[in-house]
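A look at the structure
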Amino acid sequence: MEYSPRYRLFPTTEQRESLDWTRDTVRQVYNHALHEFNQIPEDGGTLRQRVWKVRDDLPQIKQWWTDLKQVYSTVLQKAVERIRTNINNLGKLKAKGYDVGSLNWKAPREYRSFTYRQSGFELDTKSGPRDRAILRLKKVRGETLEIPIRLHRDLPEHDAIKEVTVKKEPTGAWYASFCISTAEPEKPVPENIGAEDTVGIDLGVLNFIHDSDGRSIRRLDFSDERERLEREQRSLSRKQYESNNWEKQRRRVAEVHARMSNKKRDYKHKLAHFYATEYDAVFVENLNVKSILEGDGNARNKAEVGWGEFRAILEHHCEKHGTHYVEVNPRGTTKECASCGAETDKPLWIREHSCPSCGFETDRDWNAALNVKSRGLSKLGVVHSESTPVKTATAVDSVTVSASRVVEAGSPCLKEAASAAE
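Residues numbered from 1 in each chain as written. Predicted model: local features only at pLDDT ≥ 70, side-chain atom pairs only at ≥ 80, totals over all residues. Heavy atoms only, no water.

1. Details of the overall build of the protein
A tally of helices and strands in the protein yields twelve helices and 16 strands. Counting all 422 residues of the protein, 44% fall into the buried class. Partitioning the contacts of the protein with sequence separation of at least 6, the portion at a separation of at least 24 is 69%. By element, 45% of the accessible surface of the protein is carried by carbon and sulfur atoms, the whole surface being about 22,600 Å². (Helix = DSSP H or I, 4+ residues; strand = E, 2+ residues; numbered from the N terminus. Buried < 20%, exposed > 50% of the residue type's maximum accessible area, 1.4 Å probe, protein only. Contact = heavy atoms within 4.5 Å. Areas by Shrake-Rupley, 256 points an atom, 1.4 Å probe, with all protein chains shown as cover.)

2. Observations regarding the packing of helix H5 (residues 223-237) against helix H6 (residues 244-278)
Their axes nearest at 9 Å, the elements H5 and H6 cross at an angle of 160 degrees. Relative to H6, the element H5 lies roughly antiparallel. Crossing geometry of H5 relative to H6 is assigned as left-handed. Packed against H5, whose contacting residues are Glu-225, Arg-226, Arg-228, Leu-229, Glu-232, Gln-233, Ser-235 and Leu-236, the element H6 presents Trp-246, Gln-249, Arg-250, Arg-252, Val-253, Val-256, His-257, Arg-259, Met-260 and Lys-263 at the interface. (Axes fitted to C-alpha atoms, helices over the stretch in contact; angles between N-to-C directions. Parallel < 35°, antiparallel > 145°, perpendicular 65-115°, else oblique. Left-handed = near helix turned anticlockwise from the far one by under 90°.)

3. So, empty space enclosed by the protein
Enumeration according to the criterion identifies two cavities of 30 Å³ or more in this entry. Counted as a void, the second largest cavity has a volume near 30 Å³. Around the second largest cavity, the lining residues are Val-29, His-32, Ala-33, Val-54, Leu-58, Ile-61, Trp-65 and Leu-68. The set of elements that each furnish at least two residues to the lining of the second largest cavity consists of helix H1 (13-39) and helix H3 (58-64). Per element, the largest residue contribution to the lining of the second largest cavity is three residues, and it comes from H1. (1 Å grid on protein atoms, 1.4 Å probe; cavity = no way out; pocket = protein on both sides within 12 Å on 5 of 7 lines; lining within 4 Å. Points joined across faces, edges and corners; volume = space filled by probe spheres on them.)

4. Considering the UniProt feature "domain: Transposase putative helix-turn-helix" (unreviewed entry) in the protein
In the numbering adopted here, UniProt assigns the feature "domain: Transposase putative helix-turn-helix" (unreviewed entry) to residues 6-37. Here residues 6-37 runs as 78% helix and 12% strand, with 31 Å between its end C-alpha atoms. (UniProt positions renumbered as here; feature names shortened; annotations may be inferred.)

5. Structural notes on the pairing of strand E13 (residues 324-328)
With four of five residues buried, E13 lies mostly within the body of the structure. Here strand E12 (residues 281-285) runs beside E13; their pairing, made up of five bridges, is parallel. In the sheet register, Ala-281 faces E13, and the bridge partner there is His-324. (Pairing = 2+ DSSP bridges.)

6. Observations regarding the pattern of salt bridges
This model, assessed by the stated rule, comprises 23 salt bridges. Put simply, Arg-55 and Asp-56 hold a salt bridge, and the shortest N to O gap is 3.6 Å. Given the relative accessible area of 17%, Arg-55 is considered buried. Lys-78 is the partner of Glu-163 in a salt bridge, and the nearest nitrogen-oxygen pair spans 3.0 Å. Taken together, the residues span a long stretch of sequence, with Glu-163 in strand E7 (residues 161-168) and Lys-78 in helix H4 (residues 73-95) at a distance of 85 residues. One connected set of salt bridges, linked through shared partners, spans Arg-55, Asp-56, Glu-81 and Arg-117. (Salt bridge = Lys/Arg side-chain N within 4 Å of Asp/Glu carboxyl O.)

7. Describing a negative patch on the surface
The grouping of Asp-221, Asp-224, Glu-227 and Glu-230 at the surface amounts to a negative patch. Position of Asp-224 among the secondary structure elements: in helix H5. (Patch = residues over 30% accessible without salt bridge, like charges linked within 9 Å, V, L, I, M, F, W, Y side chains within 5 Å. Lys, Arg positive; Asp, Glu negative; His and termini not counted. Charge placed at Lys NZ, Arg CZ, Asp CG, Glu CD.)

8. Focus on the environment of Ile-134
Positionally, Ile-134 belongs in strand E5 (residues 132-140). On a C-alpha basis, the gap between Ile-134 and Phe-10 in space is 9.8 Å, while along the polypeptide they are 124 residues apart.

9. Concerning the side chain of Ser-113
Of note, Ser-113 is situated in strand E3 (residues 113-117). One polar contact links Ser-113 to Arg-82, side chain to side chain, over a distance of 3.1 Å. Non-local contacts of Ser-113, meaning those with residues more than four positions away in its chain, are made with Arg-23, Arg-82, Thr-165, Val-166 and Lys-167. (Polar contact = N/O pair within 3.5 Å; in protein donor to acceptor, adjacent residues only side chain to side chain.)

10. What to know about the confidence of the model for the protein
If pLDDT is low for a region, its predicted coordinates should not be looked at in detail. Here the protein shows a mean pLDDT of 84. Residues at 70 or above account for 86%. Looking across the protein, the model is least confident in helix H7 (residues 289-294), with a mean pLDDT of 54, and most confident in H1, with 96. Here residues 392-396 is a poorly scored stretch, pLDDT under 50, and it has ten contacts once near neighbours within four places are set aside; other chains count. (pLDDT = per-residue confidence, 0-100.)

11. Examining the packing of aromatic side chains
The full count for this structure, using the stated rule, is ten aromatic pairs. Ring centres of Phe-208 and Phe-310 lie 5.2 Å apart, and the angle between their planes is 75 degrees; this geometry places the pair in the edge-to-face category. Residue Phe-208 is located in strand E10 (residues 207-211), and its partner Phe-310 is located in helix H9 (residues 307-321); the two are separated by 102 residues in the primary sequence. As far as the burial class goes, Phe-208 and Phe-310 line up, both buried. Between the aromatic rings of Phe-274 and Tyr-275, the centroid separation amounts to 5.2 Å while the plane-to-plane angle is 75 degrees, which identifies the pairing as edge-to-face. Of the two residues, Phe-274 and Tyr-275, neither departs from the other in class, the shared state being buried. Members of the aromatic cluster, connected to one another through ring pairs, are Tyr-72, Phe-114 and Tyr-116. The ring centre of Tyr-175 lies 3.9 Å from the NZ or CZ of Arg-6, which sits over that ring. A cation over a ring is seen here: Arg-132 above Phe-10, with NZ or CZ 4.7 Å from the ring centre. (Phe/Tyr/Trp six-rings, centres within 6.5 Å; stacked < 30°, edge-to-face > 60°. Lys NZ or Arg CZ within 6 Å of the ring centre and 35° of its normal.)

12. Quick word on the nonpolar core
In this structure, Leu-19, Leu-137, Ile-149 and Phe-178 are the most contacted members of the largest nonpolar core, which totals 48 residues. Looking at this core, the element that brings in the most residues is H1, giving eight residues. Apart from residues no more than four positions distant in its own chain, Leu-137 is found in contact with Leu-19, Tyr-116, Gly-120, Phe-121, Glu-143, Thr-144, Leu-145, Ile-147 and Val-166. Formed by 34 residues, the second largest nonpolar core is a distinct cluster that contains Phe-208, Ile-217, Leu-229 and Val-256. (Core = buried A, V, L, I, M, F, W, Y, C linked by side-chain atoms within 4.5 Å.)

13. A closer look at helix H10 (residues 364-380)
Spanning 17 residues, H10 covers 25 Å between terminal C-alpha atoms, matching the ideal 24 Å at 1.5 Å per step. With respect to burial, H10 is a largely interior element, 14 of its 17 residues being buried. Immediately downstream of H10, the backbone of Gly-381 shows phi near 90 degrees, a positive value. (Expected span 1.5 Å × (residues − 1).)

Here it is as structure tokens:
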């Protein structure tokens, strides 16, 4: 399976200028290729054939566009091939019901990266102090750059690096992503999995996660970050557009956005890592996020929790650690009693589940998580008793975990909650 770990680069001022020059040149190649691609009729071949036809004209373009000789050949080829990738991505969005248009030319601020494929780069991990290395990039404005890079974590075991993507963030920071392939770990056979080694996850708004083992994990608090973002955006609105002061303030706004995004992503990765390493199978609701966000009320909070991103991160960690990842139908998980299956309507403000049929009582979200687990066990084919998910489900067993404790490096709070729930 493929991974793309990302690391921070620390180029000098001259190296930054060369990277920016290369990035902008590649952007112009992309725009030129898109123009040439649009001239080819759709009956002129498949999407791949039409894009490759434009790509094969690069040697001729270099004869009159001499700046391209200072850029590595595979970097230019990948820029043209990006047209095919972008069109395929638009098709996937359209299939999901989104209203999409056609590809447009990229402005300087919209095109942020370029990619080396198979050659033209070298990662020297033996140079520099601990957690530092040197990334060598060939033909960056005609020169070979040796850029310090911080390896905050080791690369997974791999045979070779397939691609290196160098990207400039809105904050002005440069990063490098390495595309590598590793052996996919074997997953346990469903017949050998015990119900106690699986977990059901209910995704919510008030609490980010409530799982079938009784953990209730709170959302991150971004009140301070939002206040600072509002202040910085107000300051940006008072600056003259594209002036030096406007550019400095734009970066401050981008830094606040980046800090919030990084905090969310780190939080979700730590949760996903815990569940993927602690269980043999993880069951989660297959929520239709698009329709939920288009519904009435609370759209900001629904969008901020990022259910879709968390599911993608969780699936990635499960594949990485050899854990079964199963999505189940979320319909009725809140209404249905996890003990007897009877359905009871519950408005959002009712946070407790009390079954009028069998008398089973527990937290509303915990009941939903137990239903998710029960459906996941059936879908995966794990042999289990119908009463297994609710054997220990009593309201007093629920354990609330603060989001601030999750983001602490090495925090044992999730395992502590598990032992408390048992």
